[in-house]
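Now for the letters of each chain:
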Amino acid sequence: MNRTLNIAHRGFSGKYPENTMMAFRKAVEVGADGIETDLHMTSDGIIVICHDETIDRTTNGSGFIKDYTYDEIRKFDAGKGEKIPNLDELLNFMKNKNLLLNLELKNDVVNYNNLEKDTINKIYEYGLEKNVIISSFNHQSMKRVKQYDSSIRTGLLYGSPICKPEEYAKQMGADALHPLFSLVMNQDVVHDIKKSGILINVYTVNKEDEMKKLIELGIDGIITNYPNILKKLFG
Ligand code: G3P
Ligand code: MG
């Protein structure tokens with residue numbers, strides 16, 4: 001059995017400005033096995049990295065990402081002088097590293113045209129198709145990913161209980177479930193999912209005792225703001 005993977009949520013966001021190149025570099029420096037990050041699209045169709053639909057909370061600017069061109073959005077400060085990265089910068093940083101990259105499509109509020117297709121094409125440009133898992137709270141979008149390219153791995157994000165999640169994942173053609181961690185803090189639930197061959201990557205686990213319990217349960221990946229704390233648990 002593979003050991004639980006240490007996936008840095010928005011990079012090493014517990015200590016550095018979330019979803020910036022600085023946070024991604026620091027996550028790799030402390031030994032994360034992978035990075036989770038969030039994708040949106042500018043008005044001129046450039047895929048950029050940010051959690052919210054707007055830039056209000058994480059930069060010195062305000063307004064919706066969809067309403068800015070890429071050049072306009074680069075003028076804002078995302079913390080410590082960092083800019084909102086584009087997807088190319090992150091893919092370029094991740095290539096040849098053999099780490100996991102979890103790209104979360106943030107298309108459950110704004111419907112970005114071609115976000116699935118454009119993201120997949122970029123992944124191939126950098127040769128990262130084996131390293132990537134695409135996830136979203138928008139499960140229709142994960143179906144579109146599989147329709148476009150069935151070999152790209154997908155994960156279904158959810159924050160409230162579902163009945164027989166492994167059966168749902170199979171129906172949707174997904175490779176993984178990405179639940180809120182508290183939904184799978186249970187041996188039977190984990191057992192049924194693992195038996196079905198569906199992967200389980202949980203979000204967002206920041207407490208050491210919870211990390212330990214999830215490792216014992218055999219969870220495939222833990223998404224955390226503190227990859228440094230999780231790393232220490234592996235010795
Ligand atoms: O992908 C895991 C987690 O990031 C999902 O929630 O809101 O932090 O993007 P959120
Ligand atoms: Mg996310």
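Residues numbered from 1 in each chain as written. Chains lettered and ligands numbered in written order. Predicted model: local features only at pLDDT ≥ 70, side-chain atom pairs only at ≥ 80, totals over all residues. Heavy atoms only, no water.

In this section: the UniProt feature "domain: GP-PDE" (unreviewed entry) in the protein chain. Mapped onto the present numbering, the UniProt feature "domain: GP-PDE" (unreviewed entry) falls at residues 4-234. The span residues 4-234 shows a helical share of 32% and a strand share of 19%, and its end C-alpha atoms are spaced 9 Å apart. (UniProt positions renumbered as here; feature names shortened; annotations may be inferred. Helix = DSSP H or I, 4+ residues; strand = E, 2+ residues; numbered from the N terminus.)

Next up on the list: the coordination of the magnesium ion (ligand 2). Bound to the magnesium ion (ligand 2) are the protein donor atoms E36 (OE), D38 (OD) and E104 (OE), situated 2.0 to 2.1 Å from the metal. Look at where the donors of the magnesium ion (ligand 2) fall in the sequence and you get E-x1-D-x65-E. With D38 in strand β2 (residues 34-41) and E104 in strand β4 (residues 100-105), this residue pair connects regions lying 66 residues apart in the sequence. (Donors = N, O, S within 2.8 Å, 3.2 Å for Na, K, Ca; no water.)

The next subject is the environment of I223. Examined against the element boundaries, I223 turns out to sit in strand β9 (residues 221-224). Taking the relative accessible area as the measure of exposure, I223 reaches 2% and is therefore buried. In the structure, I223 is positioned 188 residues away from I35 in sequence and 8.2 Å away in space, judged by C-alpha atoms. Among residues more than four places away in sequence, those in contact with I223 are I7, H9, E36, N102, H178, V202, Y203, T204 and V205. (Buried < 20%, exposed > 50% of the residue type's maximum accessible area, 1.4 Å probe, protein only. Contact = heavy atoms within 4.5 Å.)

What follows covers the side chain of T42. By the element assignment, T42 lies in the loop between β2 and β3 (47-49). A relative accessible area of 4% places T42 in the buried class. Among all residues touching T42, those that are not within four sequence positions of it are V48, I65, K66, Y68, T69, Y70 and I73.

Tracing the chain through its elements places M94 in helix α3 (residues 87-94). Put simply, M94 and Y158 are 64 residues apart on the chain and 26 Å apart in space, counted from C-alpha to C-alpha. In this view, M94 contacts I35, L99, L100, L101 and L128; residues no more than four positions away in its chain are not counted.

So, on to the pairing of strand β8 (residues 199-202). Relative to β8, strand β7 (residues 176-179) runs parallel, the two being bridged by two bridges. Bridge pairing in β8 links A176 to L199. This β-α-β element, β7 to helix α7 (residues 187-195) to β8, shows right-handed connectivity. As paired strands, β8 and β9 are joined by two bridges and run parallel to one another. By the bridge assignment for β9, V202 is matched with I222. Taken together, β8, helix α8 (residues 208-217) and β9 constitute a β-α-β crossover, and its handedness is right-handed. (Pairing = 2+ DSSP bridges. Right-handed = clockwise from strand over helix to strand, strands pointing away.)

Before going further, it helps to examine the packing of α3 against helix α4 (residues 115-125). Two elements in contact, α3 and α4, have axes separated by 10 Å at closest approach and are oriented at 35 degrees. Of the two possible hands of crossing, α3 and α4 adopt the one that is right-handed. Across the interface between the two elements, L87, D88 and L91 of α3 pack against T119, K122, I123 and E125 of α4. Of the residues in the contact of α3 with α4, the class split is three nonpolar, one polar and three charged. (Axes fitted to C-alpha atoms, helices over the stretch in contact; angles between N-to-C directions. Left-handed = near helix turned anticlockwise from the far one by under 90°. Nonpolar A, V, L, I, M, F, W, Y, C, P; charged D, E, K, R; others polar.)

Another aspect to go through is unusual backbone geometry. Excluding glycine, most residues fall at negative phi; most peptide bonds, likewise, are trans. One non-glycine residue with positive phi stands out, namely N98, at about 55 degrees. Following the sequence through the fold, N98 ends up in the loop between α3 and β4. You will see that N114, though not glycine, has its phi angle at about 65 degrees, which is positive. The residue N114 is located in the loop between β4 and α4 in this model. On the basis of relative accessibility, which here comes to 42%, the residue N114 falls in the partly exposed class.

In this section: helix α5 (residues 139-148). Residues spaced three or four apart along an α-helix point in a common direction, a consequence of the helix completing one turn every 3.6 residues. Buried within α5 are the following residues: H139, S141, M142, V145 and K146. What you see down the axis of α5 is that its buried residues fit within an arc of 150 degrees, all on one side. In α5, those exposed residues whose orientation departs by more than 90 degrees from the buried face are Q140 and Q147. Against β4, α4, β5 (132-136), β6 (153-158) and α6 (165-171) lie the buried residues of α5. For α5, the N-terminal capping position is held by N138, with its side-chain oxygen 3.1 Å away from the main-chain nitrogen of Q140. (Arc of directions from axis to C-beta. Polar contact = N/O pair within 3.5 Å; in protein donor to acceptor, adjacent residues only side chain to side chain.)

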